[in-house]
Amino acid sequence: MYRAEIFKFSMIVALPALIIGSMVMLTKSVWFQNSPDILALGITFDILLTAPFAYFLSIRKTNIPNTTVIPFLILATIICSIVLPQENQFYLGLFKVWFLPVIELFILTFVLYKLYGAIKRFNTEKRNSFDFFFTLKKVSAEILPKAVTMPVVMEISVVYYGFLYWKKRNLRENEFSYHKNSGTITLLASIIFIVAIETVVFHVIISKWSVIAAWILTFLSIYSGIQVFGFLKSMLFRPISIEGDKLYLRYGIMNESIIDLSDIDAIELSSKEIKLNHETRKLSFLGDLESHNTVIRLKNENILIGLYGIKKSYKNLVLFVDDPMNFKNAIEIALTK
């Protein structure tokens, strides 16, 4: 099965790879040395337009998303930049200046359009509570290559929860918070404060050695602070919930898992120290830095999805809930329905 998939993919990329390979060889030939200006136009055209179009024709009847043409085009642009001599990159420069920004704008517009459509469908149906992160993942998976889906989703979600969404969210009867009494918000806020102080100090120190290095470090620190702030705020707007026959366990946008209620073997209200391993994991990404008061034991293995889509299996999940007794009772009631 695996070999068959590799063979199938090889057949798909064979023609566009042949086109690009031929153009690369042409740049090393004597013909290019004799007529570089004329051939540079043809080489640029074939690498940036003909090859991506051939790739599109190869995948249009497969299950590979059409949007993978975009990363293919970016790869083709990089190859073209490498193989063409600097003095023969006039047409390539025009492509980078005028065409690539249009592609980037198209991608962003397309994602937002799809997201708007998903939100509109939700408002029409209103069967479950709306969750921006879940909806964004679903929409992005339909239009983006698998390799870039989660990085894009995480970056958009950090900005959305951190800076765009401020409306107060009241919990419903089927929803449960986990951030009010755990001390996590205080911990993350302290981390942001420490990062801010250290950034200023290190910027002053490092700038005496290298201004560029100091600004690079400052930028990375600010970016890290923004990430932590987005993580922090997402916890306020992504509560744990019971919807139908499923339990949606969320820890902001950092960790999440969906459990079939019928797969729950037992729920223990306990804050005793518990050893974490491949069978017993914690919903919180902070591990031992955060306490717990609830242990969910399952009949079968389940999947915990972490940052950037990293998956880990578990059979016992340890977590903190602000109102553990009410949480346990709600699950037991849902199981009797």
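Right above here is the structure, for reference.
An account of the accompanying structure is given in this report. Being a predicted model, the structure only gives us computed values, none of them experimental.

**Things to note about the overall build of the chain**
Alright, step 1. For the chain, the count of helices and strands is 10 helices and 8 strands.
Alright, step 2. Here the C-alpha coordinates of the chain stretch approximately 80 × 55 × 40 Å along the principal axes.
Alright, step 3. Within the chain, the fraction of its 337 residues that count as buried is 40%.
Alright, step 4. A fraction of 64% describes how many contacts in the chain between residues 6 or more apart in sequence connect residues 24 or more apart.
Alright, step 5. Only carbon and sulfur atoms are counted for the fraction: they give 65% of the accessible area of the chain, which is about 20100 Å².
Alright, step 6. In the chain, 35 positive and 27 negative side-chain charges are present, and the distance between their average locations comes to 3 Å.

**A closer look at the layout of surface pockets**
Alright, step 1. When its volume is computed, the second largest pocket comes out at roughly 700 Å³.
Alright, step 2. For the second largest pocket, the lining is made up of 27 residues, of which Thr 67, Ile 70, Pro 71, Ile 103 and Ile 107 are closest to its centre.
Alright, step 3. The set of elements that each furnish at least two residues to the lining of the second largest pocket consists of helix H3 (36-59), helix H4 (69-83), helix H5 (90-125) and helix H7 (146-164).
Alright, step 4. Residues belonging to the lining of the second largest pocket are distributed by class as follows: 24 nonpolar, 2 polar and 1 charged.

Parameters at a glance
The numbers attached to residues start from 1 for each chain and follow its sequence in the written order. At least 70 in pLDDT is required for a residue's local features to be given in this predicted model, at least 80 for side-chain atom pairs to be given and counted, and no such filter applies to totals for whole chains, interfaces and linings, which use all residues. Values reported for side chains reflect all heavy atoms of the structure, with hydrogen atoms and water molecules removed beforehand. The way it works is that DSSP assigns letters per residue, a run of H or I at least four long becomes a helix, a run of E at least two long becomes a strand, and they are numbered from the N terminus. Only protein chains enter the accessibility calculation, which uses a 1.4 Å probe. A residue is then buried if its area is under 20% of the maximum for its type, exposed if over 50%, and partly exposed in between. Whether two residues are in contact is decided by their heavy atoms: any pair within 4.5 Å suffices. A 1.4 Å probe and the Shrake-Rupley method give the accessible areas. Residues count as covered only by the protein chains that appear here. By the counting rule applied here, Lys and Arg register as positive and Asp and Glu as negative, while His and the ends of each chain are not counted. All charge positions are set by atom: Lys at NZ, Arg at CZ, Asp at CG, Glu at CD. With a 1 Å grid laid over protein atoms only, a set of points is called a cavity when a 1.4 Å probe fits there but cannot get out and a pocket when it is open yet has protein on both sides within 12 Å along at least five of seven lines; lining residues have an atom within 4 Å of a point. Grid points are joined across faces, edges and corners, and a volume is the space filled by probe spheres set on the points. Here the nonpolar group is Ala, Val, Leu, Ile, Met, Phe, Trp, Tyr, Cys and Pro; Asp, Glu, Lys and Arg are the charged ones; every other residue, Gly included, is treated as polar.

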